[in-house]
Amino acid sequence: LLLGAFAVMIAVVVVVFTALHRQSMKRSAGVTTQAVEQLKAAANLQSTIDVVHEDAQQFLRLKDPDAMEQALVPLRAHQSEAGKLLESSANITPDLKAKYAELLKAENAVLDEVLRGANAEAYQTFFTRAVARHEEVQKELEKIRGAVEQRTLVDLQAHEKQAQSAARRQNLFAGLGL
């Protein structure tokens, strides 16, 4: 009878330990998944903004009006995609939106000047305004990535404290039970 009670107690302890361990793993996976998703969204936005900037730079080199018309279609599509990513991401700051709007204005000014045939002015606008705005956007995206990393570290540290507290409770439970 005593042996049966001991076996039941061990089974209960194992079940409790397993449940708490699973709970801890789910919480840890949730924190990690959230951080990865936020960093992926920031990387995707950065990549799209870089593509728009590269498209504008390539547009500077075009001389043929037909080639310009063809190049405008993907460039405008990439600009639209970047705008949608800015609107859909939870981590986007007002500063990033404002800086991206300034970048978009500068890049569109470059496009307008190329379309008017003012290539010298287009190059000047690109290198004085568009490049500077692009660097500001990149710095803002770096701040966002840093903030995501910092929040993740704080969440993981909180999770670690919870896991340690749960482990102490488990040990106390096991000690009292056995």
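Residues numbered from 1 in each chain as written. Predicted model: local features only at pLDDT ≥ 70, side-chain atom pairs only at ≥ 80, totals over all residues. Heavy atoms only, no water.

Student: Even after reading the chapter, I still don't get the pattern of salt bridges, so can you show me in this structure?
Tutor: For side chains bearing opposite charge, pairing can occur when the charged atoms are close. Tallied over the entire structure, the rule returns five salt bridges. With its nearest N and O atoms 3.7 Å apart, the salt bridge here joins K97 to E87. You can see K97 sitting in helix α3 (residues 94–116) and its partner E87 sitting in helix α2 (residues 65–88), a full 10 residues away along the chain. Between E102 and K105 there is a salt bridge; the shortest N-O distance is 3.6 Å. (Salt bridge = Lys/Arg side-chain N within 4 Å of Asp/Glu carboxyl O. Helix = DSSP H or I, 4+ residues; strand = E, 2+ residues; numbered from the N terminus.)

Student: Explain the side chain of Q38 here, please?
Tutor: By secondary structure assignment, the location of Q38 is in helix α1 (residues 2–60). On the accessibility criterion, Q38 (17% relative accessible area) is buried. With residues near it in sequence (within four places) discarded, Q38 still touches N91, V148 and R151. (Buried < 20%, exposed > 50% of the residue type's maximum accessible area, 1.4 Å probe, protein only. Contact = heavy atoms within 4.5 Å.)

Student: How should the confidence of the model for the chain be read in this particular structure?
Tutor: Low pLDDT means the predicted atomic positions in that stretch should not be read closely. In this model, the chain carries a mean pLDDT of 85, and residues with pLDDT of at least 70 account for 96%. Looking across the chain, the model is least confident in α1, with a mean pLDDT of 82, and most confident in α3, with 92. (pLDDT = per-residue confidence, 0-100.)

Student: Hey, could you run me through the layout of surface pockets in this one?
Tutor: Rolling a probe over the atoms, with the probe sized like a water molecule, indicates the empty space that remains. A volume near 160 Å³ is recorded for the largest pocket. Lining the largest pocket we find L20, Q23, S24, R27, H159, Q162, A163, A166 and R169. Counting only elements with at least two residues in the lining of the largest pocket, the list comes to α1 and α4 (119–177). Per-element accounting of the lining of the largest pocket gives the leading share, five residues, to α4. (1 Å grid on protein atoms, 1.4 Å probe; cavity = no way out; pocket = protein on both sides within 12 Å on 5 of 7 lines; lining within 4 Å. Points joined across faces, edges and corners; volume = space filled by probe spheres on them.)

Student: Is there a simple way to think about empty space enclosed by the protein in this case?
Tutor: Here the structure, examined in full by the defined rule, presents one cavity of 30 Å³ or more. Estimated volume of the largest cavity: approximately 40 Å³. Taken together, Q38, A41, A42, L45, S89, N91, I92 and I144 make up the lining of the largest cavity. Ranked by residues supplied to the lining of the largest cavity, first place goes to α1 with four residues. When the residues that make up the lining of the largest cavity are grouped by side-chain class, the tally is five nonpolar, three polar and no charged. (Nonpolar A, V, L, I, M, F, W, Y, C, P; charged D, E, K, R; others polar.)

Student: Would you take a moment to explain the nonpolar core for this structure?
Tutor: Nonpolar side chains in soluble globular proteins tend to be buried together. Membership of the largest hydrophobic core comes to 13 residues, with the highest contact counts inside it found for F59, L60, V110, V114 and F126. Those elements that provide at least two residues to this core are α1, α2, α3 and α4. Counting residues per element, this core draws most heavily on α3, which supplies four residues. The next biggest cluster of nonpolar side chains, apart from the first, holds 12 residues, and it includes I49, I92, L141 and I144. (Core = buried A, V, L, I, M, F, W, Y, C linked by side-chain atoms within 4.5 Å.)

Student: Teacher, can you tell me more about the environment of K84 here?
Tutor: Following the sequence through the fold, K84 ends up in helix α2. The spatial distance from the C-alpha of K84 to the C-alpha of L45 is 9.4 Å, given a sequence separation of 39 residues.

Student: Would you mind showing me how to read a nonpolar patch on the surface here?
Tutor: Among the surface-exposed residues, L3, F6, I10 and V14 lie close enough to one another that they form a single nonpolar patch of about 400 Å² accessible area. Residue position: I10 is located in helix α1. (Patch = residues over 30% accessible without salt bridge, like charges linked within 9 Å, V, L, I, M, F, W, Y side chains within 5 Å. Areas by Shrake-Rupley, 256 points an atom, 1.4 Å probe, with all protein chains shown as cover.)

Student: What is the right way to read the packing of aromatic side chains from this model?
Tutor: For any pair of aromatic rings, geometry is given as the distance between the ring centres together with the angle between the planes. Tallied over the full model, the rule gives two aromatic pairs. Judged by centre distance (5.1 Å) and plane angle (90°), the rings of F126 and F127 are edge-to-face. Among the aromatic residues, ring-to-ring pairing joins Y123, F126 and F127 into one connected group. (Phe/Tyr/Trp six-rings, centres within 6.5 Å; stacked < 30°, edge-to-face > 60°.)

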